[in-house]
Amino acid sequence: QVQLVESGGGLVQAGGSLRLSCAASGSIPSIGVMRWYRQAPGKQRELVAGIGSGGSTNYADSVKGRFTISRNSAKNTVYLQMNSLVPEDTAVYYCFGISSGRSYWGQGTQVTVSS
């Protein structure tokens, strides 16, 4: 049973843009905190961006000024707009949400940035 469904990953040239989307299934109640993580081969999973129920946002230093996280709470959906992509952004990106004390993860979507 897939509960968080991601889309938007793919291959892009350096300097290009991608927009990731992650939508929760109807079986998941409203999610308060939503985040994007990424993990490259051989590296630790890292927090890329987060957004709270009140709209506050936070970003990893490496993506500040380039990435923007947003949400549509009515649709239980979170987005990640990625601009000025560099090869170091290459990773599997995972969306994450917390609802009623339970954690939910997306299946992951591959983002590859060519030089």
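Summary of the structure given here. (Residues numbered from 1 in each chain as written. Predicted model: local features only at pLDDT ≥ 70, side-chain atom pairs only at ≥ 80, totals over all residues. Heavy atoms only, no water.)

## Let's talk about the packing of aromatic side chains
Evaluation of the coordinates by the stated rule reveals four aromatic pairs. Taken together, a centroid distance of 5.2 Å and an interplanar angle of 50° make the contact between Y37 and W105 tilted. On the criterion of sequence distance, the pair formed by Y37 in strand β4 (residues 33-39) and W105 in strand β10 (residues 102-105) is long-range, its members being 68 residues apart. Take Y37: its relative accessible area is 12%, and that puts it in the buried class. One aromatic cluster is present, built from ring pairs that chain together Y37, Y94, F96 and W105. In this structure, R19 packs its charged tip against the face of Y79, placed 4.2 Å from the ring centre. The residue whose ring lies beneath R45 is Y37, and the NZ or CZ to ring-centre distance is 4.8 Å. (Phe/Tyr/Trp six-rings, centres within 6.5 Å; stacked < 30°, edge-to-face > 60°. Helix = DSSP H or I, 4+ residues; strand = E, 2+ residues; numbered from the N terminus. Buried < 20%, exposed > 50% of the residue type's maximum accessible area, 1.4 Å probe, protein only. Lys NZ or Arg CZ within 6 Å of the ring centre and 35° of its normal.)

## A word on the sheet that holds strand β7 (residues 67-72)
One open sheet holds the four strands; their spatial order is β1-β3-β8-β7, and the pairing between them is antiparallel. Of all strands in the sheet, those bounded by a partner on one side alone are β1 (4-7) and β7. Neighbour-to-neighbour, the strand axes of the sheet open up by a mean angle of 15°, direction not taken into account. In this sheet, strand β8 (residues 77-82) lies alongside strand β3 (residues 18-24) in antiparallel orientation, the contact comprising six bridges. Opposite A23, over in β8, you have T77 as the bridge partner. (Pairing = 2+ DSSP bridges. Axes fitted to C-alpha atoms, helices over the stretch in contact; angles between N-to-C directions.)

## Some thoughts on the side chain of T77
Residue position: T77 is located in strand β8. From its side chain, T77 meets the backbone oxygen of K75 in a polar contact 3.0 Å long. Every residue in contact with T77, bar those within four places of it in the chain, is listed here: C22, A23, M34, S70, R71 and N72. (Polar contact = N/O pair within 3.5 Å; in protein donor to acceptor, adjacent residues only side chain to side chain. Contact = heavy atoms within 4.5 Å.)

## Digging into the pairing of strand β11 (residues 109-114)
Residue alternation in β11 divides its side chains into a buried set, T109, V111 and V113, and an unburied set, Q110, T112 and S114. Examined bridge by bridge, strand β2 (residues 10-13) and β11 share four bridges and lie parallel to one another. Following the sheet pairing, L11 is matched in β11 by T112.

## Some points on the nonpolar core
If you look at the biggest cluster of nonpolar residues, it comprises 28 residues, and the most contacted ones within it are W36, L80, M82 and Y93. When residues in this core are grouped by element, the largest group, four residues, is from β3. In this view, Y93 contacts E6, L20, W36, Y37, R38, V48, F67, L80, M82, G108, T109 and V111; residues no more than four positions away in its chain are not counted. (Core = buried A, V, L, I, M, F, W, Y, C linked by side-chain atoms within 4.5 Å.)

## What to know about the pattern of salt bridges
Where charged atoms from two side chains of opposite charge approach closely, those side chains can pair. According to the stated counting rule, one finds four salt bridges in the structure shown. Among the ionic pairs, D89 bridges to R38, the shortest N-O distance being 3.0 Å. Remark: R38 occurs in strand β4 and D89 occurs in the loop between β8 and β9 (91-99); sequence separation between them is 51 residues. Judged on exposure class, the residue D89 and its partner R38 are both buried. One salt bridge in this structure joins D89 and R66, with 2.8 Å as the shortest N-O distance. Placement of D89 in the loop between β8 and β9 and of R66 in the loop between β6 (57-59) and β7 is noted, with a sequence separation of 23 residues between them. (Salt bridge = Lys/Arg side-chain N within 4 Å of Asp/Glu carboxyl O.)

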